[in-house]
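What the coordinates show
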Amino acid sequence: METSKLSPILKITKYTFIDEVQQRSFVIMFVVCALCVFLLRGCYQGNYMVNGQSLDAGTVVRTLSKATFHVIGAGVMVIAALLSMRIFTRDRNEGVQSGILSKAVARWQYVMGKILGVWVLSALFMFVLHSIVFLITSVNLKVIMPEYLLASLLCSVNLLFVVVAVLLFSLLMPDIVAFLCVLGIGIVGFIADGIAAASQSQIAQAIVRQTAGHSQSDVTWWKVVYLFWPKLLGVQQTASSLTESTSSHGFGTLYPFINVLIYCLMLGALLFKQFRNEDIV
């Protein structure tokens with residue numbers, strides 16, 4: 001990309017990042033989340049008992065860290081949606097949008113700068129929270145997991161999906177509805193993945209065979225919908241599996257990333273197209 005085209009994007013990215021950081025609501029959210037994660041240090045004691053046997057520190061740390069990893073990942077996705085839902089509305093109401101686009105800045109450059117600004121801020125937010133967990137485990141229990149930080153970076157793909165989706169929906173519907181729609185997509189995906197995981201158990205399969213009473217097609221409409229639904233939880237599960245020494249990685253583990261990246265590209269294309277047709281006042 002030419003420098004002349006890249007410069008406006010970087011400036012808008014920087015402005016968006018700084019503007020969001022200076023918001024009082026963001027500072028409050030960050031402080032509260034950081035304190036909540038830091039207070040979890042009491043859970044990392046390394047003296048848990050299971051069936052009368054003491055678990056070693058490494059097992060305790062990896063189990064608790066994995067659970068914390070998912071909570072942080074899901075929580076920051078909600079925060080990213082909150083940060084994104086009023087980006088265009090606030091810029092339009094404050095006259096920032098018209099001021100920027102009245103200069104030698106293309107609409108796609110403006111949108112790209114906004115996407116990158118919120119995405120980088122959200123990814124940094126999540127990385128800092130995961131880094132606190134990393135420091136707690138490293139200092140308190142001397143268990144160092146560099147793969148934990150790598151997993152955090154991989155989960156930024158989910159944040160990109162959330163940012164692009166909310167920005168697109170905010171052009172088509174009220175801000176709060178856009179936020180709720182993306183939140184609903186995430187919740188449905190998490191529930192569907194949970195049901196799919198439970199259905200793999202032998203007990204669940206036996207119950208299904210008994211209640212069905214006849215052979216059913218392996219391909220059903222809900223399986224197709226599930227296959228193509230945004231795999232946000234799948235990305236988190238694949239990323240968190242990096243902390244497991246026995247984990248294996250094949251196409252099944254890569255599919256969630258491919259799925260979410262394709263959604264990012266499709267929603268991004270629709271976002272640029274929709275914003276090109278918006279009236280700037």
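Residues numbered from 1 in each chain as written. Predicted model: local features only at pLDDT ≥ 70, side-chain atom pairs only at ≥ 80, totals over all residues. Heavy atoms only, no water.

Examining helix 8 (residues 156-172)
With 17 residues, helix 8 extends 25 Å from end C-alpha to end C-alpha; this agrees with the ideal 24 Å at 1.5 Å per step. Taking burial as the measure, the 17 residues of helix 8 include 16 buried ones, the bulk of the element. (Helix = DSSP H or I, 4+ residues; strand = E, 2+ residues; numbered from the N terminus. Expected span 1.5 Å × (residues − 1). Buried < 20%, exposed > 50% of the residue type's maximum accessible area, 1.4 Å probe, protein only.)

Some points on the side chain of Lys231
As for its position among the elements, Lys231 is in the loop between helix 11 (221-228) and helix 12 (232-240). One buried charge, Lys231, has no salt-bridge partner; the nearest side chain with opposite charge is Asp193, at 4.2 Å. The contacts of Lys231, once residues within four sequence positions are left out, are Asp193, Tyr226, Tyr255, Pro256, Asn259 and Val260. (Lys, Arg positive; Asp, Glu negative; His and termini not counted. Salt bridge = Lys/Arg side-chain N within 4 Å of Asp/Glu carboxyl O. Contact = heavy atoms within 4.5 Å.)

Thoughts on the nonpolar core
Grouped together as the largest cluster of nonpolar side chains are 60 residues, with contacts concentrated most on Phe88, Tyr110, Ile115, Leu129, Phe161, Val162 and Leu271. Among the elements that make up this core, the one with the highest residue count is helix 8 (13 residues). Leave out the neighbours within four places in its chain, and Leu271 touches Phe88, Val111, Ile115, Val164, Leu167, Leu168 and Leu171. (Core = buried A, V, L, I, M, F, W, Y, C linked by side-chain atoms within 4.5 Å.)

Concerning the packing of aromatic side chains
Going through the model one piece at a time under the given rule, you end up with seven aromatic pairs. Put simply, the rings of Phe26, Phe30 and Phe125 pair up and form one aromatic cluster. Between Arg107 and the ring centre of Phe275, over which it is positioned, the NZ or CZ distance is 5.9 Å. Above the plane of the ring of Tyr226 lies Lys231, whose end atom (NZ or CZ) is 3.3 Å from the centre. (Phe/Tyr/Trp six-rings, centres within 6.5 Å; stacked < 30°, edge-to-face > 60°. Lys NZ or Arg CZ within 6 Å of the ring centre and 35° of its normal.)

Some words on the confidence of the model for the chain
Predicted confidence across the chain gives a mean pLDDT of 82, with 78% of residues reaching 70 or more. When pLDDT is averaged over each element of the chain, helix 8 comes out on top at 95 and helix 10 (residues 202-212) at the bottom at 46. Across residues 211-216, confidence stays below pLDDT 50; counting only partners more than four residues off in sequence or on other chains, it has zero contacts. (pLDDT = per-residue confidence, 0-100.)

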